[in-house]
Every structure is written in C-alpha cells, then in structure tokens.
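Tertiary structure, described
Residue-level listing of the chains:
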Amino acid sequence: QVQLVESGGGLVQAGGSLRLSCAASGSIFSIGAMGWYRQAPGKQRDLVAIITSGGTTNYADSVKGRFTISRDNAKNTVYLQMNSLRPEDTAVYYCNADIISPVSRRPMNYWGKGTLVTVSS
C-alpha cells in the first residue's frame, strides 16, 4: 500500500509564497517521476511541474520563473516552492508519482488527495 500525502496549502495574498510538500510512504522500491498538478473550480486538472528521478524538471508556461519543483529522494518527498503567487494560481494542488513496488518491480501511478491553495487579490 502506497500513500502520497500533501501539505503546505493555505491562504496567501497575491505576491506571496507557499511551499508544498508531498511525502510518499508504504511499500516502495523506488520512485520515478514526481509531479504537481492543479485543478481550479470548474476546470480540468493540469500539470504544474514535474521532476524525474534524475532531477530533470519541466514546468507549465504559466508558472515558469515563479515555481520551483525539487525532491529529496532519501525522504521520498517532492516539494513545490511557489513564489509571486497570483489569484489565478488558486486551485487544489495534487501530488503525483510513479512508484515501483518491491514485489512486482513495475511502476504504478499514484495520486495524493490534494491540498487547497487560495490566493487573494
């Protein structure tokens, strides 16, 4: 059983910063790509940022230069540092990861339950 647990969401004023964390726990052999997605009310879930096991990153155009994704492989944790937040960044942020089971040695994709980020104008 694998769990992804996000933390760090909350209410912040425009121009402020938040740091999200997502810790993976359970039956884990290794973790491949880890990422953050977000879903605003009435909209689809979109990719925000992703980081490979080797540290290669990719960002949505809307967050480039403002958000930074990083990971601590020893802690099975991925972070999202969000700076210069805008009201349009308001959404539920979801963690996603490809996790390889020690039994099957096959990757499975997992989602966290999400953490709400609200940016006031």
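Up top is the structure.
Residues numbered from 1 in each chain as written. Predicted model: local features only at pLDDT ≥ 70, side-chain atom pairs only at ≥ 80, totals over all residues. Heavy atoms only, no water.

A word on the pattern of salt bridges. A side chain of one charge can pair with a side chain of the opposite charge if their charged atoms are brought near each other. Applying the stated criterion to the full structure yields three salt bridges. Taking the shortest distance from any N to any O, the salt bridge between Arg38 and Asp89 comes out at 2.9 Å. One end of the pair, Arg38, is in strand β4 (residues 30-39); the other, Asp89, is in the loop between β8 (77-82) and β9 (91-100), with 51 residues separating them in the sequence. Judged by relative accessible area, which is 0%, Asp89 ranks as buried. The salt bridge involving Asp89 is made with Arg66; its shortest N-O contact spans 2.8 Å. You can see Asp89 sitting in the loop between β8 and β9 and its partner Arg66 sitting in the loop between β6 (57-59) and β7 (67-72), a full 23 residues away along the chain. Assessed through its relative accessible area of 7%, Arg66 is described here as buried. Salt bridges sharing common partners tie together Arg38, Arg66 and Asp89. (Salt bridge = Lys/Arg side-chain N within 4 Å of Asp/Glu carboxyl O. Helix = DSSP H or I, 4+ residues; strand = E, 2+ residues; numbered from the N terminus. Buried < 20%, exposed > 50% of the residue type's maximum accessible area, 1.4 Å probe, protein only.)

Without other data, these values stay purely geometric and don't point to any function.
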